Amino acid sequence: MKIGKYRIPLQKPELRLLRRSKPFWTILGEHRIWSTVLRVPITFPPDRFYGAELSAMCVPDLLGTQGTFLLFTTRPENTAFQEGGLRVGVTVRDDRIVTSLQGPENTLLDGNPPLTLPMRLHLDRAAGRIRAELGDSTLTLPVGELSGWVTLGFAAMPGVTVKGLTRLLVTEMGDHFSLYVAPINLDPESPAMPISHPSYYASYLAKKVGPFATLGLAEDTWALNEGVTNDATFLQQTYDIDRERLDTGSLVCVFDGTDRIQHMFWRDIETGHPAGRGRDAAPHRHAIRELYAHNDALVGRVRAQMRDGDVLMVISDHGFTSFRRGVNLNQWLLREGYLTLKPGADGHGEWLRDVDWSQTKAYVLGLTGLFLNLRGREAQGVVGPGADAAALKAELMEKLRELRDEEKGATGINEAFDTAVIYTGPYMDNAPDLVIGYNAGYRVSWDCAKGTVAGPVFEDNTKAWSGDHCVDPRLVPGVFFCNRPVDPQEPALVDIAPTALRLFGIEPPPHMDGKPIAGLA
Amino acid sequence: MWGSRLKLDKELLARVKRYADLAGYSSVEEFITHIIEKELAQLEGSDSEDDIKKKLKGLGYIS
């Protein structure tokens, strides 16, 4: 169908796999046994079967050939390459080259003219490198160094871009200049032809592991045959393609069992825990010890899979301690005159329903936060922002410091932390005004966390949820294990992300609060 | 999930980027989203159109 100068195809071109017989993975699939088939020869176009497949030999390059490299050169040559490459003559003016990359034929236009991508090369002879601009991509390339994958986008018509991948190598920059451009592979993230089954599998892999070679015979033997590249370049291409078979990147996996099991079974490892009564013969009373043995075995299995250069970090975001006694700070605020109940209310309502906001200066909701009833923030705030709020915070912090549980003769709260001091960043407005540092064994009570006011200030916790970490953070640090020695220091949780970035050669962006762990990255 | 796209002129974008970096946002998009959320929060909680218009006047959006 013609629309203006464009010919819009009404059906897809047909691709047929001419291989005969039936591969074993198809037969396995008929028995509902899944197979994953990666880069096995003669799998283009891909089989359709119960499994996943990434095509290999016979997948063409973007030009529709089995691998046509390009050589942009100032050397005058009249003979064509014998095995499969195109020589493109260029001229250097003021150390600049203006040329273009020829892509596939544009079958959407009459006459099928080739798609082209403008290419500008800036030669920096003193530094021994060039800056190459190809369409939207720009890269700096030292002489003799093979680039990574460069994505090319050939615009076929408005809304239609044909994508490919290539690598570049400046082979000489002296009296003559030559630039090798590897055959343009189909971009696996957006292949111009079906190269996988299911069709989205190639794209999934590309998103997972990054760009990879899709050309059937991806290692450019013809360029080596023609003397355009040398042994070292060919070997590098080959090993690079092999390495694409292996996962590179980072893997992050959270195992929640260490959190959940310690929450629920702490009662079994602490003598006299109010939730541990009558559990001397409980069948799973060793659950925490068994958990760590289980996870230790997991770490062993992971380490057995690791290669040289892999970095393993085993971390936790917090430790654990006992939760024996619940603290109802709303009840404490009521007794101290900072919180008032509505007339007739008994304080048993959840979610602060019984609170008279017109007379209340502070309240607790959630696991660690104390909030001021702030004018301009809370809907019925009474505490003035600025100096009034600061003074009230200081008063509360003083009273909460080493708050005593007289019944047990122990300290229930070590101190309260001013979030204006301990937090920074653009989202501080979302934080409570004070974070409560409960002592070991103490935590906000179940009732108080839900905004209930009634009840004692201190009471036993008898629930199975008997261990916790929403306490003074100095009492429950997380752990950090690593397969590499690190400089003696205390890595913080915020240091993990910058460390991961630096390990891959990426400078952590300025918004990150942490810093790469010294000695590791 | 898809939302809308906004276009900003280059000068405004440059200003936004500078402040986003200084304030510690991970991206311009995050900064702009937060600005809009904070402005909208000042309008929310109103029951009537009149209340909303009063707030819009108070914030200087309408006269």
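Residues numbered from 1 in each chain as written. Chains lettered and ligands numbered in written order. Predicted model: local features only at pLDDT ≥ 70, side-chain atom pairs only at ≥ 80, totals over all residues.

K.L.:
What's the story with the overall build of chain B in this structure? I'm lost.
P.N.:
In terms of helices and strands, chain B carries three helices and zero strands. Moving toward the C terminus, one meets the helices and strands of chain B in the order α-α-α. Relative to its full complement of 63 residues, chain B shows a buried share of 5%. (Helix = DSSP H or I, 4+ residues; strand = E, 2+ residues; numbered from the N terminus. Buried ≥ 20, exposed ≤ 12 C-beta atoms within 10 Å, placed from the backbone.)

K.L.:
How do you make sense of the overall build of chain A when you look at a structure like this?
P.N.:
For chain A, the count of helices and strands is 11 helices and 27 strands. For chain A, with 521 residues in total, the buried portion stands at 31%. Within chain A, contacts between residues separated by at least 24 positions form 54% of all contacts whose residues are at least 6 apart in sequence. (Contact = placed C-beta atoms within 7 Å.)

K.L.:
What's the story with the interface of chain B and chain A in this structure? I'm lost.
P.N.:
How large an interface is tends to be reported as the accessible area lost when its parts come together. Counting residues at the interface gives seven residues for chain B and six residues for chain A. Residues of the side of chain B that touches chain A, tallied by class, amount to two nonpolar, four polar and one charged. (Nonpolar A, V, L, I, M, F, W, Y, C, P; charged D, E, K, R; others polar.)

K.L.:
Can you walk me through unusual backbone geometry in this structure?
P.N.:
Trans peptide bonds make up most of the peptide bonds, and negative phi angles are found at most residues other than glycine. Residue and element names in this part refer to chain A. Cis rather than trans, the peptide bond between Phe44 and Pro45 has omega equal to -10 degrees. Locating Pro45 in the fold gives a position in the loop between strand S3 (35–38) and strand S4 (51–54). Look at Leu352: it is not a glycine, yet its phi comes out positive at around 65 degrees. Inspection of the secondary structure puts Leu352 in the loop between helix H7 (329–336) and strand S19 (362–364). With 18 C-beta atoms packed within 10 Å, Leu352 lands in the partly exposed category.

K.L.:
Please clarify how helix H8 (residues 387–400) of chain A should be interpreted in this entry.
P.N.:
Helical geometry: 3.6 residues make up each α-helical turn, so side chains three or four residues apart lie on a common side. Residues and elements named next belong to chain A. The end-to-end C-alpha distance of H8 is 20 Å, a good match for the 20 Å that 14 residues give at a rise of 1.5 Å each. Every buried residue belonging to H8 is among Ala389, Leu392, Lys393, Leu396 and Leu400, and all of these are buried. Down the axis of H8, the buried side of the element spans an arc of 100 degrees, and every buried residue falls inside it. Pointing more than 90 degrees away from the buried face of H8 are the exposed residues Ala387, Ala391, Ala394 and Glu398. Buried residues belonging to H8 abut S19, strand S20 (369–372), strand S21 (403–405), strand S22 (410–418) and strand S23 (434–438). (Expected span 1.5 Å × (residues − 1). Arc of directions from axis to C-beta.)

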